[in-house]
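In case you want the letters, here they are:
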Amino acid sequence: MLPPTPSQTIGPFYGFALPFPGGAELAPPGDPASLIVHGYVHDGAGDPVPDALLEFWQAAPDGSRTGAPGSLRRDQATGAVLGRDGVAFTGFGRVAVDADGHYALRTLPPGGLPYISVCVFARGLLHHLYTRVYLSDPGDDPLLASLEPKRRATLLAVPEREGVYRFDIRLQGDGTHEETVFLDFR
Amino acid sequence: MSPPTQETINAEICELRDAYAKAVAGGAPRRDHPDRDYPPYRSSVLRHPKRPLVAVRDPEAMELTGPVFGTTDVTELDSDLTRQHVGEPLGERITVTGRVLDRDGRPVRGQLVEIWQANAAGRYAHRREQHPAPLDPNFTGVGRCLTDDEGRYHFTTIKPGPYPWGNHTNAWRPAHIHFSLFGTAFTQRLVTQMYFPGDPLFPYDPILQSVTDEAARRRLVAEYVHDLSVPEYSLGYRWDIVLDGPCATWMEKGR
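Keep in mind the model is a prediction, meaning the values are calculated, not measured.

Residue and element names in this part refer to chain B. Read from one edge to the other, the open sheet built from four strands follows the order E4-E3-E8-E9, with strand pairing classed as antiparallel. The open sheet terminates on both sides in strands that have one partner only, identified here as strand E4 (142-146) and strand E9 (190-195). With strand direction ignored, the average angle separating the axes of adjacent strands in the sheet is 20°. Here strand E3 (residues 112-117) pairs with E4 via five bridges, running antiparallel. Across the sheet, tryptophan 116 pairs through a bridge with valine 142, a residue of E4.

Shown next, in the form of structure tokens:
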């Protein structure tokens, strides 16, 4: 096995490089099945983290897990980002939180799985973190089932109204709020 | 509270490095990645989880697959950061090339590589950047490309300058290029930084030193390769990247 290249923080200045127009818009415009996942990223003092970058990866509504190219589709003449073509479901989203630490993702429900995978990057975070947004608790999910209720709750999105889910990420517990469950796949 | 001095940071770096060396000597496994809890890098203090990560060993996990990109996601000029404006940027023109591999040594093909960096004066084209070094109207510092069938990437750019930051008094980042990489699985995602050989700022930088394993730290430093230099044009660096994390080989076979 080759030794891996170490991770380093994304730093504060990725903003002119990584986010792209439409990064938060996985759902084709006007799709009636679309849903919104939104929330805040917080640090261990409970303060919003204004410079986190979130990436989302999920199954297509038909359950396909292959994704599709074209998330950053570009105009070959000007180089400008055209964004997704509105037909293919790429399965990939990228959102930089705003100055309040808030993000909002508009996507379609994942097929065959109750969750959307999340990868968290931030200044001060030396190695990215994985978590999952569960849109519901199917009762037999092995990860959810393995967690005590307080911990499990950090992975469950809270329905706010029809098609709108709240999902906050806490990089560290602040003494009042539970720290988000982060995952290890290695 | 006044910011810590470089001496304070150096002492903390040494203490953590010694503790790591002692742990390894006592049989603890080597650590390839930085510890997320690394106090010499002050911003890490409130931004790392205190609870252990929860291991997922589910062969059906979505994270064992990953996003894909294609020819529509990049344009030809994206990999040449010196040709994105009307004029040529100031600075030392370089090329950076290497291969993206998984831990089994297999090339990561057709995947997206993104880079971003400061200009030759050590200034980012970012509004929150406070360093009073000149912006270069001919340099943005953003590039991307897809890896080829051998996992190879290639960028033409200029060598970024070192720059000061607020971690402690007289804190300077060694020159570096930020890299963002995708593997065949979401679990292989990597964001990291490539450094230049022989930089005198290495021992003072808590971000690089957060990789407490010396051999692992060396893997973040590119190699100057004279054969990659182009006569009368550019200096060549090579930096190979190995992505960590499992992937769904069981799915690849079906692709």
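All names here are of chain B. Mean pLDDT over chain B: 95, with 97% of residues reaching 70 or higher. Below pLDDT 50 for its whole length, residues 250-255 participates in two contacts with residues either more than four positions away or in separate chains. Prediction confidence for the complex, expressed as pTM and ipTM, is 0.97 and 0.97 respectively.

Right, let's talk about the UniProt feature "domain: Intradiol ring-cleavage dioxygenases" (unreviewed entry) in chain A for a bit. The UniProt feature table records "domain: Intradiol ring-cleavage dioxygenases" (unreviewed entry) at residues 34-115 of chain A. Helix makes up 0% of residues 34-115 of chain A and strand 32%, whereas the separation of the span's terminal C-alpha atoms amounts to 15 Å.

Our focus in this paragraph is unusual backbone geometry. Residue and element names in this part refer to chain B. Positioned with a positive phi, asparagine 170 is a non-glycine residue whose angle comes to about 65°. With respect to the secondary-structure elements, asparagine 170 resides in the loop between strand E6 (163-165) and strand E7 (171-173). The backbone phi angle of glutamate 232 is positive, close to 65°, even though this residue is not glycine. Mapped onto the elements of the fold, glutamate 232 is located in the loop between strand E10 (223-224) and strand E11 (235-238).

Before going further, it helps to examine the UniProt feature "domain: Intradiol ring-cleavage dioxygenases" (unreviewed entry) in chain B. Those residues carrying the UniProt feature "domain: Intradiol ring-cleavage dioxygenases" (unreviewed entry) are residues 96-124 of chain B in this numbering. Taken end to end, residues 96-124 of chain B is 0% helix and 45% strand, and its two terminal C-alpha atoms sit 19 Å from one another.

For the rest of this paragraph, the subject is the nonpolar core. Looking at soluble globular proteins, one finds that nonpolar side chains tend to be buried together. Residue and element names in this part refer to chain A. Grouped together as the largest cluster of nonpolar side chains are 100 residues, with contacts concentrated most on Ala52, Leu54, Val120 and Val133. Here this core gets six residues from one element, more than from any other, and that element is strand E5 (residues 115-122). What alanine 52 contacts, discounting residues up to four positions off in sequence, is Val41, Val97, Gly101, Val120, Phe121 and Ala122.

Between chain A and chain B, the residue contacts involve 64 residues of the former and 66 residues of the latter. Only E5, strand E6 (129-134), helix H1 (142-145) and strand E10 (183-184) of chain A provide two or more residues apiece to the side of chain A that touches chain B. Looking at which element gives the most residues to the side of chain A that touches chain B, the answer is E5 of chain A, with four residues. Taken together, the residues that form the side of chain A that touches chain B break down as 35 nonpolar, 21 polar and eight charged. As judged from the two bridges shared by E10 of chain A and strand E1 (residues 54-55) of chain B, these two strands associate in the parallel manner. Bridging from a neighbouring strand, leucine 183 of chain A pairs with valine 54 of chain B of E1 of chain B.

Before going further, it helps to spend a moment on the environment of threonine 147 of chain B. Residue and element names in this part refer to chain B. Looking at the secondary structure, you find threonine 147 in the loop between E4 and strand E5 (152-158). Among the residues examined, threonine 147 registers 24 C-beta atoms within 10 Å and is labelled buried. Along the primary structure threonine 147 and valine 113 are separated by 34 residues, whereas in three dimensions their C-alpha atoms are 7.1 Å apart. Discounting chain neighbours no more than four positions away, the residues touching threonine 147 are Val100, Val108, Arg109, Gly110, Gln111, Val113, Arg152 and Tyr153.

Rules used in this analysis
- Residues numbered from 1 in each chain as written.
- Chains lettered and ligands numbered in written order.
- Predicted model: local features only at pLDDT ≥ 70, side-chain atom pairs only at ≥ 80, totals over all residues.
- Pairing = 2+ DSSP bridges.
- Helix = DSSP H or I, 4+ residues; strand = E, 2+ residues; numbered from the N terminus.
- Axes fitted to C-alpha atoms, helices over the stretch in contact; angles between N-to-C directions.
- pLDDT = per-residue confidence, 0-100.
- Contact = placed C-beta atoms within 7 Å.
- UniProt positions renumbered as here; feature names shortened; annotations may be inferred.
- Core = buried A, V, L, I, M, F, W, Y, C linked by C-beta atoms within 7 Å.
- Buried ≥ 20, exposed ≤ 12 C-beta atoms within 10 Å, placed from the backbone.
- Nonpolar A, V, L, I, M, F, W, Y, C, P; charged D, E, K, R; others polar.

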